[in-house]
Each structure stands twice: as structure tokens, then as C-alpha cells.
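# Geometric and topological summary
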Amino acid sequence: MSAKTYEEACEYLMASYTQAAGMGAPLAMSAQATKAASTNAVHINFKRRVARIDVNNSAVSNFELETVQVWNARTRGYMFDKVGNYPDSDFCHYKDQVVNAVNEKVEAKLYAFPNSVDVTDIEDEVTTCLIIGGKYAGSSTTTYYRVNVCPAASQQLLNANGSYTINITKVNSAGEDTEEEAYKSPLKMEYEINEWDDSFLGIYVFDKDGNGLGVSQRKVIFSEEGNQSVELEVFTLKSATNPITENWVLGGLQGANASTYFSADRNSISDDENYLTVTTLIDNATLYDREATFDVTWGNISIPINLTQLNPNSLISKISLLPDELEFEKPGGTQEICVNLQGNFGGIGREDITPVALYQGSESDWLTLGPGTTPDSPALGLFYFNVTASEYTTGTNRLADIKFVVTQGDLIATAQALVRQNNMVREVAIYLLEKSGTDYEYRGLASEYFSGVKGFDSEEDMSDHLHFAIMAPDQFKYQMKIKSSMDWEVSSTIGTSSNLRFSPSSGTGDANTESIVEITVTSQADSGWDGGFYIEYENGVQTEFIVHQQGAFKKLGEYTNDSNVSVESDHIYYYGVFKMNKKLWLDRNIGATVGQDGINGYFTNVPDSDIPSDPAAKGVYFTRAQADKACPPASACLKE
């Protein structure tokens, strides 16, 4: 890890959870912190890397909530923020975690890794969902319902360190007899979902023995209205050698008439209680903000909590920028930053926010600020801006600050983020060449070429994947063009060194000179393989690529089917193959088909090969009947 940049570490570090027992403490957490040179102390702000899911039943007139389980949970999640990015992952059901409801609620018991699904369906297998058990209309029989953790038939976006409450509002009928039946059944329960960001997870404070105390929010800001409540979570870490044995306690409210305006209480007196609730008791109709403090204490550790109730004329209490630092490499590019207004920000729009670039050093005007890609959420105080850095061609690293100024009436609030751009160059582009006769023709970027190939598994049709044909290994070769200010070397991953050839395999750093590496496979493969290679730079940074030698790539050609209907001819098709009885066969399980029903036919365009035993199938379209004759039954499609 020492050789990786922060961005590379974010991409590399992941948590994994595959047990059916369901997530519970200790939960995966992470933090980023910088220690000042002038001190030996550092404050660590940990964030949970999972989403929390609570359930509340408001349909008590005809439904009794009993149990909840989490299904379709991702098995992996990033350990640091990767906005809009989710690792490749399987899904699992937490069938062994049956959480019982207490007073028609389930709180702080259900967790899952972040997940994103653009178009959800109540019956799909990738949307994180709940299996809810309960009794309908006074029945003594428990039945089950499925509820997706998102608005019904809408996008799902579960964020790390976020909390989501499913509120059951209406139950229309009895559910299914089993959890498995409910998982596949249409919606029978109406619900609403409330989402909030739990991003203020507190800084842990440790005593000399290693006991740690944290509170999810150290500063709570209310609007002027009374009867508002905020729930805070208290975290304790016990020392292995000298653990604190007593429970945490709340100190009394401090400040002028604090107890008149605020209350702060543990949710219960239970020893395992880890929540407290703070409330504003009456409206603030004065011209001044009200302030109060109280302490959360555990052993010798004490954390002060600050409460503020804004007056009716108060607007923004604070601006935070996410992220608060941006870093660009020499080619430049665009990154997005969020201006997060906190406090009472009603009525503030984008027109009230002015972004300014402040340059350090002689370089200027290399940043452009504009509207972001993510839509603004004025009601939540979230506004997004794109920050674009131009290409950096000379000099040493350059620095700037971007400053956001918010004005409304007499209010002026500001926040700044540091921007760095270094002069390091690491540019890689891979181009495809296809054999034509005895020569090769240039096909452009490999990623663009293969994006038009039909028949790939979705996970194989990516910009960092290279493909070779199984029976014609010289059909494709690749040119990798590298510009790097550092020395570099190309190496195969373990197990594929004998399959790939690189010429050359290393180079000397020169940001102004382009090196070309030719990539080929060494031989025809019997049953195919998956592997890869990586470029390693002198600072230890690695860029990885995935390689497949599987199947065949051909155009269908101008052919007609049995009904004399013209068949597609303007696409490249990928045909999977497998080896059986010492012959290569067309893999009907993944081979390209006309249409999507698998009935209208199969193709092969590999002449003089062992794939089809029916001569009519060579290089042409053939029907299902011909396919049944030429290939073994689908049930026999097993790799050697």
C-alpha cells in the first residue's frame, strides 16, 4: 500500500461479507486524517462503510410487524468513498439473521454494503431488499412480504454511512407462506422511505488504556421551530487490557436557561442502549441564537455536545465542501465538488453562490468552474460544481484554492478547497489491429471496437479488456501507446506469462515521447483462458488490464434463413466455444442468437474447423434444428 496514491488505495481496499448470519458489530469503518507536524495527536473521524436500514410500521390497524431480514445484499464494498462506483460483487441473503420487531420497529440492527440499481423491479435479484414477516388483519398466521430499500419501481442508491427508514403505510392483503415465495412475489405492501446522511459520525476520544468514546454528532443545529428532535448514536470501544465496565452517562444541560429550551435524554436506561435524543422544547422567537452544551461521559472520557437553535433571521451556519481537496495529473480533466450548506438555508439558490479561483504562484487561469453534472438539491442545501484543470505542460506542481462565497441579505459565508496539479504523465491507450490477408488493418481504440461486438458477457465488454480468438490467435494484435514521465515495465499476471508476448516490455521515462508496445498471444488455445497484465511505474503505481482468449470473432455475412429472411450482417459476433471429446464445439449457452428468445438460430463463421459437424453450418446461418444436429444438447455443454 505504501506505493499507492490515495485514489489507488480507494480503488484497492474493499470490505467483504458473505455470511448468511447478517452484518452486525463490529462494522467496517474507515477514516482519512492528516497529522500536523507540530503535534503528536491526530483526530480520527471514522465513517461506517455500510448503509443502515430501519423499519417502522404505521399500518398497525391491520398489520402486526414481527420480523425483518435483508436479502440481495452485496458481498463487497469499498473502504473509502467511491462516488457513483461500486465494486464487482455477488449478492447474498441474510437468511440466518431474523431480527424481531420491538414496538412495531426495527432500529440499528440491519446493515448492508452500498448498492446502486438504475431501474429496480420488485422481483429482481440485484436490488437490496427486505423480507418482512407479520400477521395481517388479526390472523394468527405469519406471512411474508418483499420490500425494496428504495421507492417502489424506482432507482436504488444506498450510500455508505447513510440511514434509510422503511415506513409501512398500508398492507393490502396477506403475504406469502415462505420467505422464498415473498422474494419472487409482487408488491402487497405500501410504504414510504426516508433517507438521511449520517456523515457526522464523531471523532473517537481515547483514554490511556485504549478505551474509546465517540458520538455521531458533536454539534446539532436546529431551526427556530420548537419540538424538533435529533437522535445521536454513541459508540464505545473497550480496551483489551483495562476495559471500562460502567455505562456511559449524560451530563446536565449547561447555558442560560438551557433546560427551558432543550432536552437531552438517553433513549432508555438499558445497559446496551447506544442512542440519545436531543429536542428543542419551544420556538425561538427572539433575535438571537440559543446555545447549550452537555457532556457524554464514559469512565474518564468526556465529549461535549453543542446545541444551537437558530433565530428566525439566521440563515447558514456553515459551508462544507465535499471533497475539500482536489488533485489532478498533468493531462488535466474535470472533477465535481459539492457545496453543502448547513443550518437554515431556505431560499438560497445557485445564483447566490459565487465560485472564485485563487492561484498560488505564477501560473493562473488554469482552472474553469461551472455547473456540476449531479443535479442540485436546494431543499437539502446541496449544490454541485465542475472544476476543470487544463493540461499542464511546463514547470513544477501548481496550486490553487477554489473559494465559494454565499450571500443572501447581509449574510456572507465562505469555504475553500485546495487544488493541486502535478506534472507527472501517465497516459495509456490501446489500439486494435485485425489481420487481413497477410497484413493487419488498424481498427482504432480497442474499447470502441469491442463495444460493438454482440455476445459478450457484460463484465467482459470493458475499456480495460483485451480479447484474442481461441482458434485464430493471430486474428488480433494490439498496440499499446504509453507516455510516461517515469520508467515503466509490463508484466503478465501469475499464470499467464506463457500466453502473452510484449515487444518491448519496458521503457525509460520521457513525457514527450510515445512508446509503442505490441501485444500478441503465443499460440492457439485448447479451451480458452482468462488472465491479464499490468504496467508498473517506477514509483510502484500499477495499471492493470484483463485479457481473454476465448471463443471466436466473426461477421455473419450476407445470408438468409429458411424463410428467406435476411439476417443481420453489419455486426461482429462473439462465439464462445468449449472442448469435448477432443473437438471444439460452439457453446450454445453463450453463443450469439438472432433475437433474444434463443429459438431463431445460431451462427458460426469459422470455416474448416471442428465446431460444426453439419457442413451447412460452415460460415452461414443455421436453424435450431441444424444446431441440434451440429452441436450436443445444451445439458452436455460442459467444459473439459
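Residues numbered from 1 in each chain as written. Predicted model: local features only at pLDDT ≥ 70, side-chain atom pairs only at ≥ 80, totals over all residues. Heavy atoms only, no water.

Helices and strands together make up the secondary structure of the protein, namely five helices and 50 strands. The proportion of buried residues among the 640 residues of the protein is 45%. When contacts within the protein are restricted to residue pairs at least 6 apart in sequence, those whose partners lie at least 24 apart make up 64%. (Helix = DSSP H or I, 4+ residues; strand = E, 2+ residues; numbered from the N terminus. Buried < 20%, exposed > 50% of the residue type's maximum accessible area, 1.4 Å probe, protein only. Contact = heavy atoms within 4.5 Å.)

We now examine the sheet that holds strand E40 (residues 500–503). Strand pairing in a sheet relies on backbone hydrogen bonds, with the paired strands running either antiparallel or parallel. The strand order E35-E34-E38-E42-E40 describes an open sheet built from five strands, whose pairing is antiparallel. One side of each edge strand has no neighbouring strand; the edge strands of this open sheet are strand E35 (439–445) and E40. Neighbour to neighbour, the strand axes of the sheet diverge by 30° on average, direction disregarded. Direction of pairing for strand E38 (residues 476–484) relative to strand E42 (residues 510–521): antiparallel, over a ladder of six bridges. Across the sheet, Ser-484 pairs through a bridge with Asp-510, a residue of E42. (Pairing = 2+ DSSP bridges. Axes fitted to C-alpha atoms, helices over the stretch in contact; angles between N-to-C directions.)

So, about the pairing of strand E25 (residues 301–309). Bridge count for strand E19 (residues 219–222) against E25 is four bridges, and the pairing is parallel. Bridged to Lys-219 within E25 is Asn-306. With nine bridges joining them, strand E24 (residues 290–298) and E25 adopt antiparallel strand pairing. Across the sheet, Val-296 pairs through a bridge with Ile-303, a residue of E25. Between the end of E24 and the start of E25, which pair antiparallel, lie two residues, with Gly-299 showing a positive phi angle near 60°.

Another aspect to go through is the side chain of Thr-75. One can find Thr-75 in the loop between strand E6 (73–74) and strand E7 (76–78). With residues up to four places along the chain from it excluded, the contact list for Thr-75 reads Ala-15, Ser-16, Tyr-17, Thr-18, Ser-89, Asp-90, Phe-91, Cys-92 and Phe-113.

What follows concerns empty space enclosed by the protein. In this structure the tally under the stated criterion is one cavity of 30 Å³ or more. Its volume calculated, the largest cavity comes out at about 40 Å³. Taken together, Tyr-144, Tyr-145, Arg-146, Glu-176, Ala-182, Ser-185, Pro-186, Leu-187 and Lys-188 make up the lining of the largest cavity. Examining the composition of the lining of the largest cavity, we find that three residues originate from one element, strand E13 (residues 142–148), more than from any other. (1 Å grid on protein atoms, 1.4 Å probe; cavity = no way out; pocket = protein on both sides within 12 Å on 5 of 7 lines; lining within 4 Å. Points joined across faces, edges and corners; volume = space filled by probe spheres on them.)

This brings us to unusual backbone geometry. The amide bond that connects Leu-322 to the next residue, Pro-323, takes the cis arrangement and shows omega of -5°. Here Asn-72, not a glycine, exhibits a phi torsion of approximately 55°, which is positive. Within the secondary structure, Asn-72 is located in the loop between strand E5 (63–71) and E6. One non-glycine residue, Asn-257, lies in positive phi territory at about 55°. Tracing the backbone shows Asn-257 in the loop between strand E21 (249–250) and helix H3 (258–261).

This part takes up the pattern of salt bridges. This model, assessed by the stated rule, comprises 16 salt bridges. For the salt bridge of Glu-441 with Arg-443, the shortest nitrogen-to-oxygen distance reads 3.2 Å. A relative accessible area of 35% means that Glu-441 is categorised as partly exposed. Judged by relative accessible area, which is 34%, Arg-443 ranks as partly exposed. Among the ionic contacts, a cluster of salt bridges with common partners joins Arg-48, Arg-52, Asp-54, Glu-231 and Glu-233. (Salt bridge = Lys/Arg side-chain N within 4 Å of Asp/Glu carboxyl O.)

A word on the state of the cysteines. If you walk through the whole model with that rule in mind, you get zero disulfides. For the unlinked cysteine Cys-129, the closest cysteine sulfur is that of Cys-150, found at 9.5 Å. Residue classification places Cys-129 among the buried positions, given a relative accessible area of 0%. (Disulfide = S-S within 2.5 Å.)

This paragraph deals with the packing of aromatic side chains. Across all of its chains, the model carries twelve aromatic pairs by this definition. Look at Phe-63 and Tyr-145: their rings are 5.5 Å apart centre to centre, the planes differ by 90°, and that puts the pair in the edge-to-face class. Placement of Phe-63 in strand E5 and of Tyr-145 in strand E13 is noted, with a sequence separation of 82 residues between them. Taken as a pair, Phe-63 and Tyr-145 share a single burial class, namely buried. Relative to Phe-404, the ring of Phe-385 lies with its centre 5.1 Å away and its plane at 55°, an arrangement referred to as tilted. (Phe/Tyr/Trp six-rings, centres within 6.5 Å; stacked < 30°, edge-to-face > 60°.)

For the rest of this paragraph, the subject is the nonpolar core. Ranked by size, the top nonpolar core spans 40 residues in total, and within it Leu-110, Leu-130, Ile-132 and Ile-168 carry the most contacts. Ranked by the residues each element gives to this core, the list is headed by strand E10 (residues 105–112), at five residues. For Leu-110, the contacting residues outside a window of four places in its chain are Ala-51, Arg-52, Ile-53, Val-55, Val-68, Val-70, Gln-97, Val-99 and Leu-130. By size, the runner-up hydrophobic cluster in this structure holds 37 residues, among which are Phe-450, Met-471, Ile-482 and Leu-500. (Core = buried A, V, L, I, M, F, W, Y, C linked by side-chain atoms within 4.5 Å.)

Positionally, Gln-421 belongs in strand E33 (residues 411–421). Residue Gln-421 is classed as buried on the basis of its relative accessible area of 0%. At a separation of 3.1 Å, a polar atom in the side chain of Gln-421 contacts the main-chain carbonyl oxygen of Glu-329. Within polar-contact distance, the side chain of Gln-421 engages the side chain of Arg-398 at 2.7 Å. Excluding its chain neighbours within four sequence positions, the residues that come into contact with Gln-421 are Phe-328, Glu-329, Lys-330, Gly-332, Trp-366, Ala-389, Ser-390, Glu-391, Tyr-392, Asn-397 and Arg-398. (Polar contact = N/O pair within 3.5 Å; in protein donor to acceptor, adjacent residues only side chain to side chain.)

The strand order across the open sheet formed by five strands is E17-E18-E20-E23-E22, and the pairing between neighbours is antiparallel. The two strands at the open ends of the sheet, each matched to only one other strand, are strand E17 (205–206) and strand E22 (262–266). Pairing analysis gives four bridges linking strand E18 (residues 212–215) to strand E20 (residues 228–237), with the strands arranged antiparallel. In the strand pairing of E20, Leu-213 is matched with Thr-236.

What follows is about the environment of Asp-118. Checked against the element boundaries, Asp-118 lands in the loop between strand E11 (115–117) and strand E12 (129–136). Along the backbone, Asp-118 and Gln-156 are 38 residues apart, and their C-alpha atoms lie at a distance of 6.5 Å.

Attention now goes to the confidence of the model for the protein. Averaged over the protein, the pLDDT score is 79; the fraction of residues at 70 or greater is 78%. When mean pLDDT is compared element by element in the protein, E5 scores highest at 97, while strand E50 (residues 621–622) scores lowest at 40. For the stretch residues 556–561, pLDDT sits under 50, and the model shows 26 contacts to residues farther than four places along the chain or on other chains. Ignoring residues within four places in sequence, the model shows residues 588–640, a span with pLDDT below 50, making 115 contacts including any to other chains. (pLDDT = per-residue confidence, 0-100.)

Before going further, it helps to spend a moment on the environment of Ile-546. Its location among the elements puts Ile-546 in strand E44 (residues 542–549). If near-sequence neighbours (up to four positions away) are discounted, Ile-546 is found in contact with Asp-464, His-465, Leu-466, Gly-531 and Gly-532.

Moving on to the environment of Asp-54. Tracing the backbone through its elements, the reader meets Asp-54 in strand E4 (residues 51–57). With a relative accessible area of 4%, Asp-54 lands in the buried category. A sequence separation of 56 residues divides Asp-54 from Leu-110, and the C-alpha atoms of the two residues are 6.7 Å apart. Those residues in contact with Asp-54 that lie beyond four places of it in its chain are Val-106, Glu-107, Ala-108, Tyr-164, Thr-165 and Ile-166. Here Arg-52 takes part through its side chain, which lies 2.7 Å from a polar atom of the side chain of Asp-54. One polar contact links the side chain of Asp-54 to the main-chain amide nitrogen of Ala-108, over a distance of 3.0 Å.

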